[in-house]
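# Results of the structural survey
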Amino acid sequence: MEIVTSEFFQRALIGGVLIGITAPLMGLFLVLRRLSMIGDTLSHVAIAGVALGYIIGVYPIAAGLVFAIAASFAIEKLRKAYKTYAELSLAIIMSGGIALASLLFTMGRSFMDVNSYLFGSIYTLDGTDLYTIGGVTLVVLLVVGLQAKELFLLSFDEEAAAVSGLPVRFYNVMISVLTALVISVAIKIVGALLVSALLTIPAACSLIIARSFKQSIVTVVLIGELAVIGGLMIAGVWNLAPGGTVVLLLIAILLVLLMFRRTLRLGG
């Protein structure tokens, strides 16, 4: 219990709980719109921003946030240019993000901890990080709460949303920007290489057991919180990598749900 009462673990728990709300929530909209890979794309661009932040002496997460938001706008532009091959926009931006990140990490390798941002370093969260994560969480919850009906229509039928007069382009950009915000602050918690799992796996679990859109929203957040809190506890007690533990726990939950669904079918 000593680690649970320690200040650094409590900060990690607070940050993890906040990300456990926003990442799965935004991931649900991405999965429903068949944009699951956008998490990987924006995380690799954000890591390039983090590297530049270190080099020029700017708050790294803020620099990553700016890069990720810029990438979200670029993705929407490319999606319009390649309507038939929309996923090509993700491949192009991801490639550029990885290339730029590798270059910047090479330039600042003498004073930069690469692994902490690739695999996460949730135990090093400070007050500034928590305020940033809290601000992003508040923005995401407000937007989703106020625009739930519009996001529902956009996620399930973009053409119907456009016909009904919904400004589809605006909402597409809004979802991309919110995702960029979440990914930027989540990098320090689970790492750039694992953040996509926190976006997509809770949504995959929710699709198995939820029977409505409202149920999906509640379920995806509950599964995200269960994995984050449980993963942090397990990692703290057995001295494991927190980000990897959270992701593996998510995969374990998904496998159990898949087995349970199959058992129900066989029983029926």
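Preceding this paragraph is the structure being described.
Attention in this report is confined to the structure presented alongside it. (Residues numbered from 1 in each chain as written. Predicted model: local features only at pLDDT ≥ 70, side-chain atom pairs only at ≥ 80, totals over all residues. Heavy atoms only, no water.)

### With respect to the pattern of salt bridges
Under the counting rule described, the total for this entry stands at two salt bridges. Across the salt bridge formed by Glu7 and Arg11, the nearest N and O atoms sit 3.0 Å from each other. With Glu7 and Arg11 both in helix 2 (residues 7-32), this residue pair falls four residues apart, about one helical turn. Assessed through its relative accessible area of 57%, Glu7 is described here as exposed. Note on Arg11: relative accessible area 24%, which makes it partly exposed. Put simply, Asp129 and Lys188 hold a salt bridge, and the shortest N to O gap is 2.8 Å. Here Asp129 is found in helix 7 (residues 127-146), whereas its partner Lys188 is found in helix 10 (residues 168-190), with 59 residues between them in sequence. A relative accessible area of 1% means that Asp129 is categorised as buried. Judged by relative accessible area, Lys188 falls into the buried class, the value being 10%. (Salt bridge = Lys/Arg side-chain N within 4 Å of Asp/Glu carboxyl O. Helix = DSSP H or I, 4+ residues; strand = E, 2+ residues; numbered from the N terminus. Buried < 20%, exposed > 50% of the residue type's maximum accessible area, 1.4 Å probe, protein only.)

### Quick word on the nonpolar core
Among the nonpolar cores identified, the biggest contains 81 residues, and Ile19, Met26, Val140 and Leu198 are the most heavily contacted of them. Counting residues per element, this core draws most heavily on helix 10, which supplies 14 residues. Excluding its chain neighbours within four sequence positions, the residues that come into contact with Met26 are Val140, Val144, Ile175, Leu178, Thr179, Val182 and Leu199. (Core = buried A, V, L, I, M, F, W, Y, C linked by side-chain atoms within 4.5 Å. Contact = heavy atoms within 4.5 Å.)

### With respect to the packing of helix 2 against helix 7
Two elements in contact, helix 2 and helix 7, have axes separated by 10 Å at closest approach and are oriented at 30 degrees. For the pair helix 2 and helix 7, the sense of crossing is left-handed. Contacts between helix 2 and helix 7 involve Arg11, Ile14, Gly15, Leu18, Ile19, Ile21, Thr22, Leu25, Met26 and Phe29 on the former and, on the latter, Leu130, Ile133, Gly134, Thr137, Val140, Leu141 and Val144. Of the residues assigned to the contact of helix 2 with helix 7, the class counts are 12 nonpolar, four polar and one charged. (Axes fitted to C-alpha atoms, helices over the stretch in contact; angles between N-to-C directions. Left-handed = near helix turned anticlockwise from the far one by under 90°. Nonpolar A, V, L, I, M, F, W, Y, C, P; charged D, E, K, R; others polar.)

### Some remarks on the side chain of Ser121
Following the sequence through the fold, Ser121 ends up in the loop between helix 6 (114-118) and helix 7. A residue is classified by how much of its surface remains accessible, and Ser121, at 14% relative accessible area, is buried. Beyond its immediate chain neighbours, meaning those up to four positions away, Ser121 contacts Ser116, Lys188 and Ile189.

### Observations regarding the side chain of Glu225
Locating Glu225 in the fold gives a position in helix 12 (residues 213-238). The residues contacting Glu225, other than those within four sequence positions of it, are Gly16, Val17, Gly20, Ile21 and Gly230.

### Quick look at helix 8 (residues 148-156)
Turning to helix 8, its buried residues number three or more, namely Leu151, Leu154 and Ser155. Taken down its axis, helix 8 places every buried residue within 100 degrees of arc, on the same side. Seen from the buried face of helix 8, the exposed residues on the opposite side, beyond 90 degrees, are Lys149 and Phe156. Against the buried residues of helix 8 lie helix 2, helix 7, helix 9 (158-163) and helix 10. (Arc of directions from axis to C-beta.)

### Things to note about helix 5 (residues 87-107)
The end-to-end C-alpha separation of helix 5 is 31 Å, in line with the 30 Å expected for 21 residues at 1.5 Å each. Ser89, Leu90, Ile93, Met94, Gly97, Ala101, Leu104 and Phe105 are the residues of helix 5 that are buried. Down the axis of helix 5, the buried set is contained in an arc of 120 degrees. They therefore lie on one face. (Expected span 1.5 Å × (residues − 1).)

### Considering a nonpolar patch on the surface
Taken together, the side chains of Ile234, Val237, Trp238 and Leu240 make up a nonpolar region of the molecular surface, amounting to roughly 420 Å² of accessible area. By the element assignment, Trp238 lies in helix 12. (Patch = residues over 30% accessible without salt bridge, like charges linked within 9 Å, V, L, I, M, F, W, Y side chains within 5 Å. Areas by Shrake-Rupley, 256 points an atom, 1.4 Å probe, with all protein chains shown as cover.)

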